[in-house]
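Summary of structural features
As a plain string of letters, each chain reads:
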Amino acid sequence: MSSSALPRTGRPVKTTGLHTGEIKPGVAKLDPIIVADNITRTFGGIHAVNVEHLEIPRGAITALIGPNGAGKTTLFNLLTGFDKPNTGTWTFNGKSISGMAAFKVARLGQIRTFQLTKALGLLTVLDNMKLGAKDQIGEGLFRSLFPFFWRKQDIELEARASELLVKFKLDAKSSDYAASLSGGQRKLLEMARALMSNPTLVMLDEPMAGVNPALTQSLLEHILDLKNEGMTVLFVEHDMAMVSHIADWVVVMAEGQVVAEGPPDVVMKNPAVIDAYLGAHQDVDLGIVTGRVNDKGEQL
Ligand SMILES: Nc1ncnc2c1ncn2[C@@H]1O[C@H](COP(=O)(O)OP(=O)(O)O)[C@@H](O)[C@H]1O
Ligand SMILES: [Mg+2]
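Before going into details, it helps to say that this report is about the structure given with it. (Residues numbered from 1 in each chain as written. Chains lettered and ligands numbered in written order. Predicted model: local features only at pLDDT ≥ 70, side-chain atom pairs only at ≥ 80, totals over all residues. Heavy atoms only, no water.)

So, helix α6 (residues 183-194)
Taking 1.5 Å per residue, 12 residues should reach 16 Å; α6 reaches 17 Å between its end C-alpha atoms and fits that length. Burial analysis of α6 places 10 of its 12 residues in the buried class, which makes it a mostly covered element. Where α6 is concerned, the buried positions are G184, Q185, K187, L188, L189, E190, M191, A192, R193 and A194. (Helix = DSSP H or I, 4+ residues; strand = E, 2+ residues; numbered from the N terminus. Expected span 1.5 Å × (residues − 1). Buried < 20%, exposed > 50% of the residue type's maximum accessible area, 1.4 Å probe, protein only.)

Quick word on empty space enclosed by the protein
Going through the model one piece at a time under the given rule, you end up with 1 cavity of 30 Å³ or more. Here the largest cavity defines a volume of roughly 50 Å³. As for the largest cavity, its lining consists of T113, F114, K187, E190, M191, L204, D205 and P207. Broken down by secondary-structure element, the contributors of at least two residues to the lining of the largest cavity are α6 and β9 (201-205). With 3 residues, the single largest contributor to the lining of the largest cavity is α6. (1 Å grid on protein atoms, 1.4 Å probe; cavity = no way out; pocket = protein on both sides within 12 Å on 5 of 7 lines; lining within 4 Å. Points joined across faces, edges and corners; volume = space filled by probe spheres on them.)

Overview of the packing of α6 against helix α7 (residues 213-228)
Closest axis-to-axis distance for the α6/α7 pair is 10 Å, and the angle between their directions is 10°. The angle between α6 and α7 falls in the class roughly parallel. Residues G184, Q185, K187, L188 and M191 of α6 touch α7, and the partners they reach there are L215, S218, L219, H222 and I223. In the contact of α6 with α7, the residues fall into 5 nonpolar, 4 polar and 1 charged. (Axes fitted to C-alpha atoms, helices over the stretch in contact; angles between N-to-C directions. Parallel < 35°, antiparallel > 145°, perpendicular 65-115°, else oblique. Contact = heavy atoms within 4.5 Å. Nonpolar A, V, L, I, M, F, W, Y, C, P; charged D, E, K, R; others polar.)

Brief notes about the nonpolar core
Residues I65, M129, F168, I223, F235 and V250 are the most contacted members of the largest nonpolar core, which totals 46 residues. Per-domain counts for this core show at least three residues from each of domain 1 (19-119 + 183-289) and domain 2 (122-180). Setting aside its immediate chain neighbours within four residues, F168 contacts L188, M191, A192, L195 and H222. With 30 residues, the next largest nonpolar core counts V27, I33, I39 and V51 among its residues. (Core = buried A, V, L, I, M, F, W, Y, C linked by side-chain atoms within 4.5 Å. Domains from an automatic or database assignment.)

Quick notes on unusual backbone geometry
A negative phi angle characterises most non-glycine residues, just as the trans form characterises most peptide bonds. Even without glycine at this site, N38 takes up a positive phi of about 50°. Within the secondary structure layout, N38 lies in strand β3 (residues 32-43). Phi angles above zero are rare outside glycine, and E255 is one such case at about 50°. Locating E255 in the fold gives a position in the loop between β11 (249-254) and β12 (257-262). For E255, a relative accessible area of 71% puts it in the exposed group.

Points about the site of ligand 1
For ligand 1, the full set of nearby residues is F43, I46, A48, P67, N68, G69, A70, G71, K72, T73 and T74. At 3.1 Å from an oxygen atom of ligand 1 is found a main-chain nitrogen or oxygen belonging to A70. For ligand 1, an oxygen atom lies 3.0 Å from a polar atom in the backbone of G71. Calculation on ligand 1 without its partners gives an accessible area of 560 Å², and the protein chains cover 60% of this total. Counting residues per element, the ones that place at least two in the shell around ligand 1 are β4 (46-57) and α1 (72-79). Residue composition of the shell around ligand 1, grouped by class: 5 nonpolar, 5 polar and 1 charged. (Near = heavy atom within 4 Å. Polar contact = N/O pair within 3.5 Å; in protein donor to acceptor, adjacent residues only side chain to side chain. Areas by Shrake-Rupley, 256 points an atom, 1.4 Å probe, with all protein chains shown as cover.)

Looking at the sheet that holds strand β10 (residues 232-236)
Taken together, 6 strands build an open sheet; the order of strands is β8-β9-β10-β5-β11-β12 and the sheet is mixed. Each having just a single partner strand, β8 (110-112) and β12 make up the two edges of the open sheet. Strand-to-strand twist of the sheet, defined as the mean angle between neighbouring strand axes without regard to direction, takes the value 15°. Summarising the sheet, β9 and β10 pair through 5 bridges and their orientation is parallel. Paired with L201 across the two strands is T232, which belongs to β10. Most of the contacts of α1 go to β9, to which it runs at about 145°, and overall it touches β5 (61-65), β8, β9, β10 and β11. (Pairing = 2+ DSSP bridges.)

Describing the pattern of salt bridges
In total, this model carries 8 salt bridges according to the counting rule given. Between K29 and E261 there is a salt bridge; the shortest N-O distance is 2.8 Å. Of this pair, K29 sits in strand β2 (residues 28-29) while E261 is found in strand β12, placing the two residues 232 residues apart along the sequence. Neither residue differs from the other here; K29 and E261 are each classed as buried. (Salt bridge = Lys/Arg side-chain N within 4 Å of Asp/Glu carboxyl O.)

Functional significance is not addressed by these values, which are geometric in nature.
Here's what the structure looks like:
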């Protein structure tokens, strides 16, 4: 953890003043990085995503929460060009990217990771990192015509990859096959690989799922570091304690819709949120969800 991420109190520095006007689903942000309108995606009869209006604040950590099947991954897939919506338009950095192919979205600086990690097991950790770089200009014709430039780019990529692998404590594994990594280390590799292209917006789909507690802390710190380095983070997470610890803003989805959004302490005591979790997430410890308010609904 960089010392700037945690003040002496041990709590992350929260970004305040992200929205403008009354806090409700679709509320405008002072400086949105993503603005989405009327996004719908159906599978057969299921309305997987039905988002009227959503803005993601720039320079902050936004958590996307909601029960299983709420449409979080589908929304990620749509916003990053990995799936096509039935309807909808959206912008990234003020530029319309609706319907744009995933590789082009990534080139613009909007990078995502997957709920099920996509590390290529039969490539080494280092080669997985190099594949994460967006400008593979050494490929194809260019590579055969100008081998010198290819080598120069390759050396630069390796330097960047090595630097990130040290940061993510994977440098000792650099020449191991990705298949030999633990589940948690693969999550770290995937996050490190996403950073190869110096993204502006990093979208993480359940980065902590299946990760042991020791690595969870390190993943949390890496997410805070992304913000400290100037990136915007949007991540999907189930653990409310983690969400309230690091998120500046929380968006809650249920049955495809945004049912609530706001700062974590406000969202966690919203009855619609508690309902959404009680409805489909019996295993969630509501002591955590409601733990910040007393029986009169006052904050503790
Ligand atoms: N490729 C698909 N084909 C059919 N149904 C899908 C597909 N992807 C998602 N769904 C359905 O869409 C809904 C939302 O799924 P998903 O976006 O994965 O939710 P979440 O990530 O919030 O758990 C679920 O009902 C799911 O079964
Ligand atoms: Mg999902």
